[in-house]
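Commentary on secondary and tertiary structure
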Amino acid sequence: MPSEIPTMLDAGFIRDNLAAVKANCVNRQAAHAEADKVVEFDDRRKKLVSETQILQQKGNELSKGIPAEKDPAKKQALIAEGKAIREQVAALEKELKQVQADLHAALLTIPNMTHPDAPVGATPADNKVVSKWGVPTKFDFVPKDHVALAESLDLADFEAGASVTGQKFYFLKNEAVLLELALIQFTMQKLVKRGFTPVITPDLARVEVLEGIGFMPRDPNPETRQVYTIADSDLCLIATAEITLGGMLRDQILDEATLPRKYVGLSHCFRTEAGAPGRDTKGLYRVHQFTKVEMFGFCTPEQTEALHLEILAIEEEIFQELGLPYHVLDTCTGDLGGPAYRKYDLEAWMPFRGELDKTTGKPTGDYGEVTSTSNCTDFQARRLNIRYKGPNHKGTRVVHTLNGTAVAVTRAMVAILENYQQADGTVKIPEVLRPWVGRDVITRK
RNA sequence: GGAGAGGUGGCUGAGUGGUCGAAAGCACCGCUUUGCUAAAGCGGCGAUGGGCCAAAAGCCUAUCCGGGGGUUCGAAUCCCCCCCUCUCCGCCA
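Residues numbered from 1 in each chain as written. Chains lettered and ligands numbered in written order. Predicted model: local features only at pLDDT ≥ 70, side-chain atom pairs only at ≥ 80, totals over all residues. Heavy atoms only, no water.

Section: a nonpolar patch on the surface
- A cluster of nonpolar residues, Val177, Leu178 and Leu181, forms a patch on the protein surface that exposes about 220 Å² of accessible area.
- Relative to the elements of secondary structure, Leu181 occurs in helix H7 (residues 175-193).
- In this structure Leu181 comes out as partly exposed when scored by relative accessible area, which is 49%. (Patch = residues over 30% accessible without salt bridge, like charges linked within 9 Å, V, L, I, M, F, W, Y side chains within 5 Å. Areas by Shrake-Rupley, 256 points an atom, 1.4 Å probe, with all protein chains shown as cover. Salt bridge = Lys/Arg side-chain N within 4 Å of Asp/Glu carboxyl O. Helix = DSSP H or I, 4+ residues; strand = E, 2+ residues; numbered from the N terminus. Buried < 20%, exposed > 50% of the residue type's maximum accessible area, 1.4 Å probe, protein only.)

A short note on the packing of aromatic side chains
- Taken as a whole and judged by the stated rule, the model has five aromatic pairs.
- Here Phe296 and Phe298 contribute two aromatic rings whose centre-to-centre distance is 5.0 Å and whose plane-to-plane angle is 55°, an arrangement assigned as tilted. In this structure, Phe296 and Phe298 share a single accessibility class: buried.
- The ring of Tyr285 has Arg411 sitting right over it, with the charged end atom 3.7 Å from the ring centre. (Phe/Tyr/Trp six-rings, centres within 6.5 Å; stacked < 30°, edge-to-face > 60°. Lys NZ or Arg CZ within 6 Å of the ring centre and 35° of its normal.)

Observations regarding empty space enclosed by the protein
- Summed over all chains, the structure comprises one cavity of 30 Å³ or more.
- Reported here for the largest cavity is a volume of approximately 30 Å³.
- Contributing to the lining of the largest cavity are His115, Glu305, His308, Leu309, Arg342, Tyr344 and Asn375.
- Elements represented by at least two residues in the lining of the largest cavity include exactly helix H10 (304-321) and strand E11 (342-350).
- The element best represented in the lining of the largest cavity is H10, accounting for three residues. (1 Å grid on protein atoms, 1.4 Å probe; cavity = no way out; pocket = protein on both sides within 12 Å on 5 of 7 lines; lining within 4 Å. Points joined across faces, edges and corners; volume = space filled by probe spheres on them.)

Here's the deal with the side chain of Thr410
- Assignment of secondary structure puts Thr410 in helix H12 (residues 409-419).
- Setting aside anything within four residues of it in sequence, one finds Thr410 in contact with Tyr170, Leu284, Val287 and Phe290. (Contact = heavy atoms within 4.5 Å.)

Re H12
- A large share of H12 lies buried, amounting to 11 of its 11 residues.
- Within H12, burial applies to Val409, Thr410, Arg411, Ala412, Met413, Val414, Ala415, Ile416, Leu417, Glu418 and Asn419.

Considering the sheet that holds strand E4 (residues 197-200)
- An order of E1-E10-E11-E12-E15-E9-E8-E4 is seen for the eight strands of this open sheet, with the pairing classed as mixed. Bordering the open sheet on either side are strand E1 (128-133) and E4, each of which pairs with just one other strand. Averaged over all adjacent pairs, the angle separating strand axes in this sheet is 25°, with direction ignored.
- Alignment of strand E10 (residues 326-330) against E11, held across five bridges, turns out to be antiparallel. (Pairing = 2+ DSSP bridges. Axes fitted to C-alpha atoms, helices over the stretch in contact; angles between N-to-C directions.)

Some points on the sheet that holds strand E13 (residues 387-389)
- Pairing is mixed in the open sheet, where three strands are placed in the order E7-E13-E14. Of all the strands in the sheet, the pair left with one neighbour each is strand E7 (253-255) and strand E14 (397-398).
- Two elements, E7 and E13, share three bridges in a ladder whose sense is parallel. Looking across to E13, one finds that Leu254 is bridged to Tyr388.

Let's talk about the environment of Arg353
- As for its placement among the helices and strands, Arg353 is situated in the loop between E11 and strand E12 (366-375).
- Along the backbone, Arg353 and Tyr367 are 14 residues apart, and their C-alpha atoms lie at a distance of 7.2 Å.

Notes on the pairing of strand E8 (residues 261-270)
- Most of E8 sits inside the fold, with eight of its 10 residues counted as buried.
- Direction of pairing for E4 relative to E8: parallel, over a ladder of four bridges. Pairing of Thr197 across the sheet is with Tyr263, part of E8.
- Relative to strand E9 (residues 289-299), E8 is paired through 10 bridges, and the arrangement is antiparallel. When the sheet's bridge partners are listed, Val264 is paired in E9 with Met295.

What follows is the structure, encoded as structure tokens:
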């Protein structure tokens, strides 16, 4: 058979664990998941495959005999018979192709399985706080939000961003520029010391790579499509370096001795923010383009849990060293994306998020997502066709992939500006960034 | 962007219509020989799907020579489209 279309979950796995898969789909709020269809299509596929193979075998044997046949009449008869077989095979293959396409479409509706300890729940409200660090910042003066700070300290130009590119684009200026570069340096240096290989990735990638990671760039509806596509090409602007870092090793067979492989990638990220119209319209919290340093790991199933916790620990360390209060959420089943087996979100304290206080009319402050880390097990690697070979098993096995944000610059900047502001309107620079920013405080020009 | 060359197993590389999944070499694994090392000899060594088997081992079978389509009883080999790499030229940060 022509090589199978790589699938997200393995159809055989779904067949063998149908009840568990269906229960998981319910927990994941995947109402449109078609697990039964997967089994049905896969049955038909198998049947067609073996029918085709029997015919092909017949045809192969026949062909083999033709050169030896000396009698011209008999030879012609054999050729005619071969022709008939070829036509039957072609018909079966056409049918098979359709079934494979149906199967693939059904498979796309099935999310990854879920870590047994992940909280079961429907909405973000069911995410479970698993740890907390620091104390939400209190001010003994009237604080400003980061937009006001950026304006008074001349750190960003949102009007110019809107004018040149559009709403939710921005120019960074002055210390904000140095802050971005400092955040990159701070995290890169840390990760390199931890054995991560630094990478600067392309900011664009092919549609197939996006799909392999779990994005849906072919979403025909521009109202819901999450990524920007480049006209007249099969390229998209990447939404995260997870896409390019995962794609980096696609179609490769890795040596088990080289696992786990850990990379830290720098890229720009582009997001249409479809489905979030009117949310967080001001400032840097939700923007169409930002810079991000991303961790990405390839490992064996045995290593996957430890690597996930390692990535989470690094994310926590980064925010501890930045001195930003945060908590960590264990993402509930209903809030996990398709590819994630388990996901932790790290949310930093942001004084200007949250509900408006009814008496003062001012925000009460809330935690806002700054980084996250997902263990995608073999979900992405199966589609990207990334496998490994080792001495203790025959053939190849699919690797596991994990990702985590080291720093998403704009979100970190929101947290820094708002938490580090002082009564005189200046903003202190977190200690660990000072060597790269080159100063201790951001002051009025 | 223009002209040319080329994409074959982990690597090098032969193969231009039929016992070719593919010579040979390297690498790798096993065995033998040899004070050790080294070397030599012999053997093994691709992926994916399907089937047999309780399962593993093993066996059988189909498909895969950059990707897709076509011609043919039969394609690595012929034709078309696409992608990629290399060389030269042009352009350019």
